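This is what each chain is made of:
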Amino acid sequence: MHDRALQALQEYFGYDAFRLHQSDVIDRTMAGKSSLVIMPTGGGKSLCYQLPAVLLDGLTIVVSPLIALMQDQVAALQASGIAAEALNSACEPGEEAQIRQGVEQGRLKLLYVSPERAVSPGFLSWIAHQKVAQVAIDEAHCVSVWGNDFRPEYTRLNALIERFPGIPVAALTATADSATRHDILQQLALPDCEVFLSSFERKNIQVDVLPAQNRIRVMLRFLESHSRECGIVYCLSRKSTEQVAEKLRQAGYAARHYHAAMGSEERKAVQDSFQRDEVQIICATIAFGMGIDKPNIRWIVHYNLPKNIESYYQEIGRAGRDGDPAEALLFAGYGDMRTLAQFIDDGDSHPDFKALQHAKLSRMWEYTQATSCRTKFILGYFGEHRERNCGHCDHCLNPPRSFDGTVIAQKALSACYWLQQQVGANMLIDVLRGSSSREVISRGFDQIKTYGAGQDIDWKSWRHYITQLIDRGYLAIDYTRHNAIILTELSRPVLKGEVSVQLCEPQEVDFKAKQLNTPAIEDYDTALFTKLKELRREISEQDDVKPFTIFSDASLKDMARIKPGTVSALMDVSGVGSYKRDKYGAAFLACIRDNVPEAERSLGSGKVVKETTPRVVDDFAIAGVSDTHLETLQLFGQGLSVAEIAAQRGLTAQTIARHLYRLKLNGEAVDLDPLISPEQISYIQGLWKALDKPARIKPVYDEADEAVDYEQIRYAVSLLRKQAEPTCAE
Ligand code: ADP
Ligand code: ZN
């Protein structure tokens, strides 16, 4: 059995080995037994049912709650040559009949359905007559009222399972807590179900926490080491998503905002362009993320404090799903604490629930102020206790140095006392530093005993120490009196010199020096990786699929590491199975050939592979248009220039030009005069013919003078071919 599974793993998914628990779950499924699989995001849950689906004789039904996720999964499976479809409310009636026929004829391996559909009488009576070999329940925590995403239909899934006595069920979730886990087992009532629980540590995500000061400036520095990588900035308010996106655009990044007040069309367009790597950064409220299955999100910034650890961990968990290093930066500010606390108070939930939310918010704040391993804190919060430190959080990578801060503490506490616990942190610091600002003088604060007692410490360090004193309980914030800093019962022993206080030195963060110490980081040819990514984008535009369904970033990095020079060497790359080898192999090998000297190319480990004719890549095939193109068309129709559309949409001018060319080729009335002249068109067309009509743009580009660019060549040649062979054009 194991050999067959391994072979299928290589052939369809292009991987050499199983990850923890995958093969155990698959073995059980193949033996007809059920499993509950609990793995963190990116752990590799899908493979646990997708691989058996390929091997089993019969259909695998996958229940999945989010249409967008379903569609991504189906696209990824199809791109690997596995017959999969989705039945949901987005299907046209004709489409649905076709899918059903695929099932009836035994052609489909996987059928994704929404929970509503799965328990509807019509579906149940139809599916009962089909040959079903496995049921997979994705996001299985939706069965539990304890979870955040409770779905009543999930509790009725037994109706589906009962139709097929004896078939294996795989229930999968990334939600850890034990109440939910028990609930899932109880609700689904699976006989002889084994639970597989993986650690929730996300080893490839480096976490940093910084005080919320100069956030934009710090973020721009953070982005220097992620300058070409996709990421999400989570903000608390709609307005700040717009403002932050604007700031990032000014700094030259392709950034857009996303929040619930935007129309659903616009939201979808933003999300699509992010998934296609056209937009690099999304500044979003928490409305963004559900249904995002983008594996190459490399970083997450929390511009504001999240409301609890669950949300925080879920949001940073969207980074690095492909297993490559990712980074999460959180800005911690009092102001946000206050705002979030106010949200809770203003809500109309039950007082007990409010108390719970306040408690969770406090834990979130404690996390930001923790001075030891952050991962230990989070895992502990989820009930996973461990001794060793993680090695991938800011404190592990750069341990804070502590010192005897008793005198500093006494100065701060004493100033607070003499100021009669009436002022906020900023004024407290001004007084300690002996500021002669108008407010200090007019309120007579220059007369108090500790005025200027802390002159030797700079403002930022004071801020840091005050935060620590609050965190340790020696000071507190009175939220009901304009956030005044007040004394606590722990203050007196400090002031009397009865106890000593340890403080940590403030640290400057050097993002570049502090990268995760993983071997994956730059042991590949980065220039080649960039070329491979460009090629992937070209193909994705042409085939109208998302880039990551072609190859993941992890695969392209592996390719840029191995530099295959032969088809057999290509098979050594992680994520290249035989289907993708046939479909994309020739194009990627050609790109490597063009960019890597022969002596550096790998000949492969000599794994036996069947040689098949690789698919011919055609740069001039005309793909259809989707929402993103239509959005461009609309703006162009309003008279905006290419540059203006690019700026407004947060896309590059090249992408907008490509949209317009494609729209024109698809018969839309687009005036291309600003983009290409008749002389350029005939020059390119003549050159293409003279070069013996190549299928790729590059040879034409290499021969052409600098007056024409890539997109102009693509357009002019596609146009010529379309005119010459109108019946062949798609
Ligand atoms: P989850 O559903 O648990 O969040 P996925 O199933 O989306 O995770 O898998 C995360 C990533 O890991 C995907 O890119 C997937 O292709 C990859 N992956 C899964 N199993 C393996 C494996 N055995 N070897 C290498 N990569 C794998
Ligand atoms: Zn740590």
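Residues numbered from 1 in each chain as written. Chains lettered and ligands numbered in written order. Predicted model: local features only at pLDDT ≥ 70, side-chain atom pairs only at ≥ 80, totals over all residues. Heavy atoms only, no water.

For the coordinates displayed, the defined rule picks out four cavities of 30 Å³ or more. Volume-wise, the largest cavity comes out at about 150 Å³. Looking at the largest cavity, it is lined by 16 residues, and the ones nearest its centre are A621, A623, R658, R662 and R714. Elements represented by at least two residues in the lining of the largest cavity include exactly helix 23 (526-543), helix 30 (653-665) and helix 33 (710-724). The class makeup of the residues in the lining of the largest cavity is seven nonpolar, two polar and seven charged. Of the domains in this structure, domain 4 (526-608) and domain 5 (627-723) are the two that each give at least three residues to the lining of the largest cavity. Within this model, the second largest cavity holds a volume of roughly 70 Å³. Around the second largest cavity sit R202, I205, V207, Y313, I316, R374, T375, I378 and H392, which together line it. (1 Å grid on protein atoms, 1.4 Å probe; cavity = no way out; pocket = protein on both sides within 12 Å on 5 of 7 lines; lining within 4 Å. Points joined across faces, edges and corners; volume = space filled by probe spheres on them. Helix = DSSP H or I, 4+ residues; strand = E, 2+ residues; numbered from the N terminus. Nonpolar A, V, L, I, M, F, W, Y, C, P; charged D, E, K, R; others polar. Domains from an automatic or database assignment.)

Moving on: helix 29 (residues 642-649). Every buried residue of helix 29 is listed here: V642, I645, A646 and R649. Down the axis of helix 29, the smallest arc covering the buried residues is 100°, so these residues share one side. Next to the buried residues of helix 29 lie strand 10 (255-258), helix 28 (627-637) and helix 30. (Buried < 20%, exposed > 50% of the residue type's maximum accessible area, 1.4 Å probe, protein only. Arc of directions from axis to C-beta. Contact = heavy atoms within 4.5 Å.)

Moving on, we get to the domain arrangement of the protein chain. If you check the domain split of the protein chain, you get domain 1 (2-197), domain 2 (205-397), domain 3 (402-504), domain 4 (526-608) and domain 5 (627-723). Taken over C-alpha atoms, the centre of domain 2 sits 31 Å from the centre of domain 3. Tallying the contact residues gives seven residues for domain 2 and 11 residues for domain 3. Taking both sides of the interface into account, the surface hidden between domain 2 and domain 3 amounts to around 920 Å²; carbon and sulfur atoms contribute 56%. Inspection of the domain 2/domain 3 interface yields zero salt bridges. Where domain 2 touches domain 3, the interface holds zero residue pairs in polar contact (both at pLDDT 80 or more). Residue assignment for the side of domain 2 that touches domain 3 shows that the elements contributing at least two residues are helix 14 (334-346) and helix 15 (351-369). (Buried area = accessible area lost by both parts, 1.4 Å probe. Salt bridge = Lys/Arg side-chain N within 4 Å of Asp/Glu carboxyl O. Polar contact = N/O pair within 3.5 Å; in protein donor to acceptor, adjacent residues only side chain to side chain.)

The subject of this paragraph is the site of ligand 1. By nearness alone, 14 residues border ligand 1, and Y15, G42, K45, S46 and R321 come closest of all. One of the backbone nitrogen or oxygen atoms of A17 is found 2.9 Å away from a nitrogen atom of ligand 1. Within the side chain of Q22, a nitrogen or oxygen atom sits 3.0 Å from a nitrogen atom of ligand 1. With the chains in place, 82% of the 570 Å² that ligand 1 exposes on its own is no longer accessible. Ranked by residue count, the leading element in the shell around ligand 1 is helix 3 (residues 45-55), at three residues. (Near = heavy atom within 4 Å. Areas by Shrake-Rupley, 256 points an atom, 1.4 Å probe, with all protein chains shown as cover.)

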